[in-house]
Amino acid sequence: MADDSTSTFQAGQTGLVVQIPEAEPAVRGWRERLDPSARAGVPAHVTVLFPFLDESRIDAAVRSALEDVLSDHQAFELRFARSGRLPEVLYLVPEPDTQLRQLTEAIAARWPEAPPYGGRFTEIVPHLTIAQGQEEAVLEEIEADLLGLLPFTSRVSSVELMVHNGTRWQGLASFALGE
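This structure is a prediction, so every number in the text was calculated from the model and none was measured.

Reading guide: rules and limits
- Position numbers for residues start from 1 in each chain and track the written sequence from start to end.
- It should be noted that, the model being predicted, local features are given only for residues of pLDDT at least 70 and side-chain atom pairs only at 80 or more, the latter also being counted only at that level, while totals for whole chains, interfaces and linings use all residues.
- Excluded from the side-chain calculations are hydrogens and water; all other atoms, namely the structure's heavy atoms, are used.
- One bridge is not enough; two strands pair if DSSP finds at least two bridges between them.
- Note on conventions: DSSP H or I runs of at least 4 residues are helices, E runs of at least 2 residues are strands, and numbering of each starts at the N terminus.
- Where helices are involved, their axes are fitted lines through C-alpha atoms of the stretch in contact, as for all axes, and angles between N-to-C directions lie from 0 to 180°.
- The term nonpolar core refers to a set of buried residues drawn from Ala, Val, Leu, Ile, Met, Phe, Trp, Tyr and Cys, joined through side-chain atoms within 4.5 Å.
- Classification of residues uses two cut-offs on accessible area relative to the type maximum, computed with a 1.4 Å probe and protein chains only: under 20% is buried, over 50% is exposed, and between them is partly exposed.
- Any two residues whose heavy atoms approach within 4.5 Å are treated as being in contact.

A.B. asks: How should I be thinking about the sheet that holds strand β5 (residues 128-132) in this particular structure?
C.D. replies: On the basis of which strands lie adjacent, the open sheet formed by four strands has the order β5-β4-β3-β6 and antiparallel pairing. The open sheet has two edge strands with one neighbour each: β5 and β6 (152-156). Each strand axis lies, on average, 35° off the axis of its neighbour in the sheet, ignoring direction. With four bridges joining them, strand β4 (residues 89-95) and β5 adopt antiparallel strand pairing. Considered in β5, the bridge of Val89 is made with Gln132.

A.B. asks: Would you mind going over the nonpolar core with me for this structure?
C.D. replies: Soluble globular proteins tend to bury their nonpolar side chains together. Ranked by internal contacts, the top residues of the largest apolar core, which has 44 residues, are Ile20 and Phe52. Here the element with the most residues in this core is helix α3 (residues 60-71); it accounts for five residues. Dropping the residues within four chain positions of it, Ile20 is found in contact with Ala44, His45, Val46, Leu78, Phe80, Leu128, Phe152, Ser154 and Val156. With seven residues, the next largest nonpolar core counts Phe9, Val17, Ala40 and Phe50 among its residues.

By themselves, these figures tell us nothing about what the structure is for.
Following this line, the structure appears as C-alpha cells:
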C-alpha cells in the first residue's frame, strides 16, 4: 500500500484494498522481493484508499458507513493485460479502472480527512504494484517475465479493510459490493 519501506508503516494505520488473488501466480515472487507491502503481509491488491482512518477511529459507526458506501457499488470484472510505470514503481494496469476510481472517490468524499495517498498526488491511478525503487534493467526483466503470464481477469466483489499491527498488515474487515 505505501510506496516506500516497511519502516514507514505505523501501528494503527489502515487501508482499503481490493485483493486480486488471480495475480499471485504471476507476481508473488517479484512482490515478495521488491514490494515492501508484500513483505509486510499485504497480498496482491489494488489500493482503494491509503491511508484510511487510524485504527482507533474504526468503530461500529465507521464500519456501518463503509458498508453503506461500498454496497452502493456493484461488483465488477477487471482485466490485467499490461504493465505500467510510475516514478520508481512497476505495476499491472487494471482495466477498466473506472469502478476502482469511483470506489476511491466515494470513500474519500465520505471521509475527506483521509484523502488518497494522504493528499500527495492529485490524480488517482489504480494499479497493482509489483516492484518499487529498482533499476531499469530489473523492471525490464520483470516485464519480460510477465509477458507470458498475462492477461488474467479478476472479479471484484468486496473491499478489504487492513490494519498494520506494528509488524505486519492484517485483515480487519471485509465489505461486500452490491451484486
